[in-house]
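Residues per chain, in single letters:
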Amino acid sequence: MLSKMNIGSLSLRNNIFLAPMAGITDLPFRVLTRTFGSSLCFTEMVSANGLVRRTHKSYEYLKSSPDDSPLGVQIFGSDPDILREAAGIVTELGADLIDINAGCPVKKVLKTGAGAALMRDPAKFEAIVKSVRGATHLPLTVKIRSGWGNDELNAIEIAGIAEDCGADALSLHPRTVRQGFSGIADWNLIGLAKKSIGIPVIGSGDIRKSEDVLEMIEKTGCDGVMVGRGALGNPWIFKAITAFISNGTTPDPPSPIEREAVILQHLEMNISLYGKEMGVKNFRKHLLWYTKGLKGGSKFRKAAILVNEMNELLEMVHEYLQPLSNGTSGAEKL
Ligand SMILES: Cc1cc2nc3c(=O)[nH]c(=O)nc-3n(C[C@H](O)[C@H](O)[C@H](O)COP(=O)(O)O)c2cc1C
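Read on for an overview of the structure. Owing to the predicted nature of the structure, the values given are computational and were not obtained by experimental measurement. (Residues numbered from 1 in each chain as written. Predicted model: local features only at pLDDT ≥ 70, side-chain atom pairs only at ≥ 80, totals over all residues. Heavy atoms only, no water.)

Brief notes about a negative patch on the surface
1) Next: Residues Glu309, Glu312, Glu315 and Glu319 make up a contiguous surface patch of negative charge.
2) Next: Of note, Glu312 is situated in helix 15 (residues 310-321). (Patch = residues over 30% accessible without salt bridge, like charges linked within 9 Å, V, L, I, M, F, W, Y side chains within 5 Å. Areas by Shrake-Rupley, 256 points an atom, 1.4 Å probe, with all protein chains shown as cover. Salt bridge = Lys/Arg side-chain N within 4 Å of Asp/Glu carboxyl O. Lys, Arg positive; Asp, Glu negative; His and termini not counted. Charge placed at Lys NZ, Arg CZ, Asp CG, Glu CD. Helix = DSSP H or I, 4+ residues; strand = E, 2+ residues; numbered from the N terminus.)

Quick look at the packing of helix 4 (residues 80-92) against helix 6 (residues 122-135)
1) Next: The interhelical angle for the contact between helix 4 and helix 6, taken along N-to-C directions, is 30°, at an axis separation of 8 Å. Between helix 4 and helix 6, the interaxial angle falls into the category roughly parallel. The two elements helix 4 and helix 6 meet at a crossing, and its hand is right-handed. Residue-level inspection shows Pro80, Asp81, Leu83, Arg84, Ala87, Gly88 and Thr91 of helix 4 in contact with helix 6, the latter providing Lys124, Ala127, Ile128, Ser131, Val132 and Ala135.
2) Next: Partitioning the contact of helix 4 with helix 6 into residue classes produces seven nonpolar, three polar and three charged. (Axes fitted to C-alpha atoms, helices over the stretch in contact; angles between N-to-C directions. Parallel < 35°, antiparallel > 145°, perpendicular 65-115°, else oblique. Left-handed = near helix turned anticlockwise from the far one by under 90°. Contact = heavy atoms within 4.5 Å. Nonpolar A, V, L, I, M, F, W, Y, C, P; charged D, E, K, R; others polar.)

As for the pattern of salt bridges
1) Next: Within this structure, the stated rule accounts for 13 salt bridges.
2) Next: The shortest N-O distance in the salt bridge between Lys130 and Glu126 comes to 2.9 Å. Note that Lys130 and Glu126 are positioned in helix 6 at a spacing of four residues, about one turn of the helix.
3) Next: Among the residues examined, Glu126 registers a relative accessible area of 29% and is labelled partly exposed.
4) Next: One network of salt bridges, with partners in common, ties together Arg30, Arg34 and Asp68. (Buried < 20%, exposed > 50% of the residue type's maximum accessible area, 1.4 Å probe, protein only.)

Some remarks on the site of the ligand
1) Next: Neighbouring residues of the ligand: 17 residues in total, closest Pro20, Ala22, Gln74, Ser204 and Asp206.
2) Next: Between a nitrogen atom of the ligand and a main-chain N or O atom of Ala22, the distance comes to 2.8 Å.
3) Next: Between the ligand and Ser204 there is a distance of 2.7 Å, counted from an oxygen atom to a side-chain nitrogen or oxygen.
4) Next: Considered on its own, the ligand offers 610 Å² of accessible surface; in the complex 88% of this is hidden by protein. (Near = heavy atom within 4 Å. Polar contact = N/O pair within 3.5 Å; in protein donor to acceptor, adjacent residues only side chain to side chain.)

The analysis is restricted to geometry; functional conclusions fall outside its scope.
As structure tokens, then:
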């Protein structure tokens with residue numbers, strides 16, 4: 001089940017990927033998940049308009065490093081010409097793969113005709129995929145949802161268009177736009193997509209543990225699997241998944257000492273990318289995820305949220321996690 005996978009000309013060492021997540025899948029988080037086994041990572045969705053207009057923020061999302069490879073850059077927009085130009089820019093900047101976002105359900109994005117709004121306009125969707133295909137030699141993927149609502153489930157039609165226009169793989173998160181992120185993902189649709197198109201299909205949605213990956217592959221026949229929310233505060237999930245589906249083993253969960261080491265590594269990468277102030281500030285959400293479900297976690301989180309200084313935060317993490325190694329909680333001292 002753990003197998004090498006090709007997307008166009010790109011050879012990947014396995015078929016387990018980090019899903020694109022806005023505000024989360026930046027350079028530090030991508031590098032971290034790669035060390036645990038994710039074979040392909042994506043940037044968060046980057047505005048094609050922003051790239052073409054040279055908006056600073058859009059280029060920030062493209063920041064990468066040699067250990068952040070292979071990298072898929074996800075672009076969104078609604079104008080085929082702008083997307084063509086953006087694809088050219090991303091290609092020149094050295095991406096390994098381009099992904100078109102046709103699944104974002106956020107109102108602000110839908111209002112502009114981008115994201116999942118493209119699924120409601122198959123002619124526009126077709127023009128966009130053709131246009132991007134013509135602008136790059138890179139492997140091209142498209143990420144879609146089930147459709148707009150239960151009365152508008154057109155993922156299979158859209159998947160066919162993507163294939164006909166030259167996409168090299170399709171990612172499917174089988175929830176509708178109306179569903180947002182609630183309810184459960186309908187994996188049956190992933191199976192239907194796999195049966196109806198010839199390019200590889202990557203399944204996304206509700207992967208929280210290794211067994212889910214096996215179940216998704218067995219039920220749907222999909223070629224690859226993306227992990228999104230299951231990786232939050234849990235980059236180890238890639239180690240667990242790759243071990244489980246290659247030889248049925250389950251590695252021990254990270255010890256408090258290992259957890260602390262990864263938190264330190266993650267925070268250091270954050271600070272080197274964003275600087276001291278922003279690096280700590282935007283790490284807080286990760287720290288909340290890293291300590292979710294741990295003994296005394298909520299007390300720790302209440303205290304940690306107030307800290308702005310890196311060394312103070314690290315000391316607090318150490319004092320909290322070390323006693324957990326012998327079953328007590330350092331949160332008592334906070
Ligand atoms: C906070 C957040 C941000 C997301 N941002 C993106 C995005 O930028 N582009 C995209 O294609 N999907 C995005 N997604 C959707 C995920 O890639 C994934 O398809 C979805 O969360 C379902 O998988 P999961 O249950 O493993 O999280 C986002 C999801 C979350 C939770």
